[in-house]
Amino acid sequence: MNLILIQPNELSLAETGEGAVNLPPDDHRTRHIVDHLKKETGDSVSVGFATSSGGCKGKALVAHRENGGVRLVLQPKTMVHSPKEPEITLILAVPFPARLKYLWPVITSFSSVVRVVIVKGKLTNPEFCESKALKPSVYEPMIEKGMSQGGRIRPVKVDVCLEDISRELLERLGLVDNDNN
């Protein structure tokens, strides 16, 4: 994890008036900071906020809590907003489910990918359309992992459309202009 992703609703104010985030002991980010990065109180970590407007990233100071959790105190002077980058929409025919679970974090680690559209192709195995890898409860944590590893803060939108690919479907998804034939 190159960037600890924080949801805007997790932010609170520290006693100093700076932003802070309290991560519980069982949170995967806490485990990463403590066990993998081996950060101690006073060390800093890279943090990022993913928002629809692009978000920002910077540094936060680590403070270990008595309950085993971690408190991250943001360092406002280090915060920078996301630069404007190209926006790529990736369209995939439903792949083999095990391959898709592997692809989610890889695809979303690329900073320019802002949308992933999964469609049913003519040769798609119908059983693949029932895969748990197409469920938000499965792919959202994988997307967060990819964003952390890629150090990105722009959110990724996912559209899963399990109907045969057609011009009408592409128009509904906003991928082609329905005025041009």
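The rules behind these values
- Residues numbered from 1 in each chain as written.
- Predicted model: local features only at pLDDT ≥ 70, side-chain atom pairs only at ≥ 80, totals over all residues.
- Heavy atoms only, no water.
- Pairing = 2+ DSSP bridges.
- Helix = DSSP H or I, 4+ residues; strand = E, 2+ residues; numbered from the N terminus.
- Axes fitted to C-alpha atoms, helices over the stretch in contact; angles between N-to-C directions.
- Contact = heavy atoms within 4.5 Å.
- Expected span 1.5 Å × (residues − 1).
- Buried < 20%, exposed > 50% of the residue type's maximum accessible area, 1.4 Å probe, protein only.
- Arc of directions from axis to C-beta.
- Salt bridge = Lys/Arg side-chain N within 4 Å of Asp/Glu carboxyl O.
- Polar contact = N/O pair within 3.5 Å; in protein donor to acceptor, adjacent residues only side chain to side chain.
- Patch = residues over 30% accessible without salt bridge, like charges linked within 9 Å, V, L, I, M, F, W, Y side chains within 5 Å.
- Areas by Shrake-Rupley, 256 points an atom, 1.4 Å probe, with all protein chains shown as cover.

**Points about the sheet that holds strand β9 (residues 113-120)**
Pairing in this open sheet of three strands is parallel, and the strands run β8-β9-β10 from one edge to the other. The sheet is open, and its two borders are formed by β8 (88-93) and β10 (157-164), each paired with just one other strand. For this sheet, the mean angle separating the axes of adjacent strands, direction not counted, is 20 degrees. Alignment of β9 against β10, held across six bridges, turns out to be parallel. Paired with Lys120 across the bridge in β10 is Asp164. Each of β8, β9 and β10 is contacted by helix α2 (residues 97-108), which is oriented at about 155 degrees to β9, the strand it contacts most.

**A few points about α2**
Here α2 contains twelve residues, and its C-alpha end-to-end distance of 17 Å stays within 8% of the 16 Å for a straight helix at 1.5 Å per residue. Among all positions in α2, only Leu100, Trp104, Pro105, Ile107 and Thr108 are buried. On an axial view of α2, the arc spanned by its buried residues comes to 165 degrees, and they lie on one face. Residues of α2 that are buried make contact with β8, β9, α3 (136-150) and β10.

**Quick look at the pattern of salt bridges**
Within this structure, the stated rule accounts for twelve salt bridges. Of the charged contacts in the structure, one is a salt bridge between Arg172 and Glu163, with a shortest N-O distance of 2.5 Å. Classification of Glu163 as partly exposed rests on a relative accessible area of 34%. Residue Glu168 is joined to Arg172 by a salt bridge in which the shortest nitrogen-to-oxygen separation is 4.0 Å. Placement of both Glu168 and Arg172 in helix α4 (residues 167-172) is noted, with a separation of four residues, approximately one turn of the helix.

**Some details on the side chain of Asp159**
In this fold, Asp159 is placed in strand β10. You can call Asp159 buried: its relative accessible area is 12%. Here Arg115 takes part through its side chain, which lies 2.7 Å from a polar atom of the side chain of Asp159. If we ignore the near neighbours within four places in the chain, the residues touching Asp159 are Arg115, Val116, Val117, Ile118 and Leu173.

**Topic: a nonpolar patch on the surface**
Together, Tyr102, Val106 and Phe110 give the surface a local cluster of nonpolar side chains, amounting to about 310 Å² of exposed area. With respect to the helices and strands, the residue Phe110 is situated in the loop between α2 and β9. Here Phe110 falls in the partly exposed class, since its relative accessible area comes to 48%.

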